[in-house]
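Spelled out from the first residue to the last, the chains are:
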Amino acid sequence: MKLSKEDRYIRRRLRQGRKQAREFYYCRKYPINPKKIVFTTIEGTTGFSCNPKYIALELLRRRQDLDLVWLVDDMSKEFPAGIRKVKNTLKNRAYELSTAAVWVDNSRKQLECRKRTGQFYLQTWHASIATKPIGLQRGASFSKIARMVTEHDSRMIDLFVTNSAWVEEHAALGMLYHGKMIRTGSARVDALINDRDNIRRKFRKKYGLAKDTKIAMYAPTFRSGSQGTERDPAVQNKMPDFGMLKKALKKRFGGNWVIVLRLHPQLTARHISLGLTDETETVIDASREEDMCETLGAADFLLTDYSAVAFDAAFMDLPVFFYVYDLKNYIGERGHLLFDLDDLPFPYAETMEDLCGKINDFAQDDYAKALQGVWKTLGLKEDGQASGRIADIIEARLEK
């Protein structure tokens, strides 16, 4: 029987995974360092960012006796004193992970990764509440190899930290995870809640903006085609008409506005740039800022599509709008959204004309009230104290 192209690819990946796993088994001859913690974000493609960043900072604040290791592809990325960055090669990854007491990650571990008895794997994930489906929620577009990687990673996880009852209810289908969970909140959201004024000042100073400049952040989600089609990371949604957007924002909210673009880190890691086609409007491209929170925290308005960043922004009561010009096609390729957009407090539009009209009609008081209703329904816990709770869990584990 002739194998399909997908089955041949799966066999190749499995053979590669088994071969590379030998490095992990070889490194078991080295003892586990009871004070070593290894952090990774988006498989090493990003730097000091997301939930692991704020967990590491809290641990650094508390003590200096830990060996905090960060696996990263690009060694030019900067890390604070106290973080030991290590090039994310197979040999380095195998050694550092095999000799660490704790792993902290915000995405999947690779197929070759093997965890030893006594090690503790804490999964923080890079998105919490979301509209786009993942895992089995994707239906037919969830490929066989994606399921294998997901199941392999989920079997190794010891604890999954969440921010809501909603995430816990969706973990079985989305993460293929049935293990222990604890509701701590999202470490990255702590900065948005506790340090927003400082983030706003720093961003405006860095980009030479006046203190009273208003920022509209545009952050589209990652598109790469269906799992069952040829995957092209450069397939992204077209840019909105930023000129129309700025005029609508100024009319509704007043002030002077600039547009800040934030592409998905999967694109910037691949050095893919969509290009800014609007020749008449100045757009700040902050896609290569390491930490999205240091851009989002500076914003006054968020425009996205299906990205989980919508909820992070809403935790700050930021006006959030969805520009979903390709809604039907996206659902057809990715699978049904996890929320009916009409049930969310975020106004959405499929055309620029409709988007500008809804910006003009935006009522802040009604929006804030609707948000509180959603948080109650989802069983949300985001109070700015997540980093401390997670650090407590790690320290308790280290003591064992």
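Right above here is the structure, for reference.
Each chain has its residues counted from 1, following the order in which its sequence is written. The model is predicted, so local features are restricted to residues of pLDDT at least 70 and side-chain atom pairs to those at 80 or more, both for listing and for counting; the totals for chains, interfaces and linings are taken over all residues. Only heavy atoms go into the side-chain values, all of them from the structure, while hydrogens and water stay out.

K.L.:
Give me the overall build of the protein chain: which residues, what numbers.
P.N.:
Within the protein chain one finds 15 helices and 13 strands. We compute the radius of gyration from the C-alpha atoms alone; for a globule the expected value is 2.2 Å times N to the 0.38, where N is the number of residues. In summary, the protein chain has a C-alpha radius of gyration of 21 Å against a globular reference of 21 Å for 400 residues, a match within 12%. Seen through its principal axes, the protein chain has C-alpha atoms that stretch 65 × 60 × 40 Å. With 400 residues in all, the protein chain has 56% of them scored as buried. In this description, accessible areas are obtained by the Shrake-Rupley approach with a 1.4 Å probe, and a residue is regarded as covered only by the protein chains that are shown. Here the protein chain displays about 18400 Å² of accessible surface, and carbon together with sulfur accounts for 50% of that area. Note that His is not counted, nor are the chain ends; the positive residues are Lys and Arg, and the negative ones are Asp and Glu. Charge positions come from single atoms, namely NZ of Lys, CZ of Arg, CG of Asp or CD of Glu. A distance of 7 Å separates the average location of the 66 positive side-chain charges in the protein chain from that of its 53 negative side-chain charges. Secondary structure elements follow DSSP: runs of H or I of four or more residues count as helices, runs of E of two or more count as strands, with numbering from the N terminus. Only protein chains enter the accessibility calculation, which uses a 1.4 Å probe; a residue is then buried when its area is under 20% of its type maximum, exposed when over 50%, and partly exposed in between.

K.L.:
Requested: an account of the state of the cysteines, with residues and values cited.
P.N.:
Two cysteine sulfurs form what is called a disulfide whenever their separation falls within 2.5 Å. A complete count under the given rule lists 0 disulfides for this structure. Sulfur of Cys113: no disulfide; nearest cysteine sulfur belongs to Cys27 and is 11 Å away.

K.L.:
So what's going on with the sheet that holds strand β4 (residues 100–105)? Residues and values would help.
P.N.:
One open sheet holds the 7 strands; their spatial order is β3-β2-β1-β4-β5-β6-β7, and the pairing between them is parallel. Since the sheet does not close on itself, it has two edges, and those belong to β3 (83–87) and β7 (181–183), each with one partner. Averaged over neighbouring strand pairs, the angle between their axes works out to 25 degrees when direction is ignored. Pairing between two strands requires that DSSP report at least two bridges joining them. As judged from the 5 bridges shared by strand β1 (residues 33–40) and β4, these two strands associate in the parallel manner. Following the sheet pairing, Ile37 is matched in β4 by Val102. Residue contacts are defined here by distance: any two heavy atoms, one from each residue, within 4.5 Å place the two residues in contact. Axes here refer to lines fitted to C-alpha atoms; in helices the fit is confined to the stretch in contact. Angles between the N-to-C directions go from 0 to 180 degrees. Against the sheet, helix α5 (residues 165–174) makes contact with β6 (159–162) and β7, and its axis sits at roughly 165 degrees relative to β7, the strand it touches most.

K.L.:
Before we move on, can you summarise unusual backbone geometry with the specific residues and values?
P.N.:
One non-glycine residue, Ile42, lies in positive phi territory at about 50 degrees. Tracing the sequence through the fold places Ile42 in the loop between β1 and α2 (50–62). Of the residues examined, Ile42 reaches a relative accessible area of 11% and is grouped as buried. The backbone of Leu176 sits at a positive phi, close to 55 degrees, despite the residue not being glycine. Of note, Leu176 is situated in the loop between α5 and β7.

K.L.:
Lay out the environment of Gly335 in plain terms, naming residues and giving numbers.
P.N.:
Following the sequence through the fold, Gly335 ends up in the loop between α12 (327–334) and β13 (348–349). Separated by 211 residues in sequence, Gly335 and Thr124 have C-alpha atoms that sit 24 Å apart. What Gly335 contacts, discounting residues up to four positions off in sequence, is Pro133, Arg138 and Tyr330.

K.L.:
Summarise a positive patch on the surface; cite the residues concerned and give the values.
P.N.:
A grouping of Lys2, Arg8, Arg11, Arg12, Arg15 and Arg18 is seen on the molecular surface, where their side chains present a positively charged patch. Examined against the element boundaries, Arg8 turns out to sit in helix α1 (residues 5–26). Using a relative accessible area of 42% as the deciding quantity, one classes Arg8 as partly exposed. Patch criteria: residues need more than 30% relative accessible area and no salt bridge. Like-charged residues are merged within 9 Å; nonpolar side chains of Val, Leu, Ile, Met, Phe, Trp and Tyr are merged within 5 Å. Should a side-chain nitrogen of Lys or Arg be within 4 Å of a carboxyl oxygen of Asp or Glu, the pair is scored as a salt bridge.

In short, shape yes, function no, at least from these values alone.
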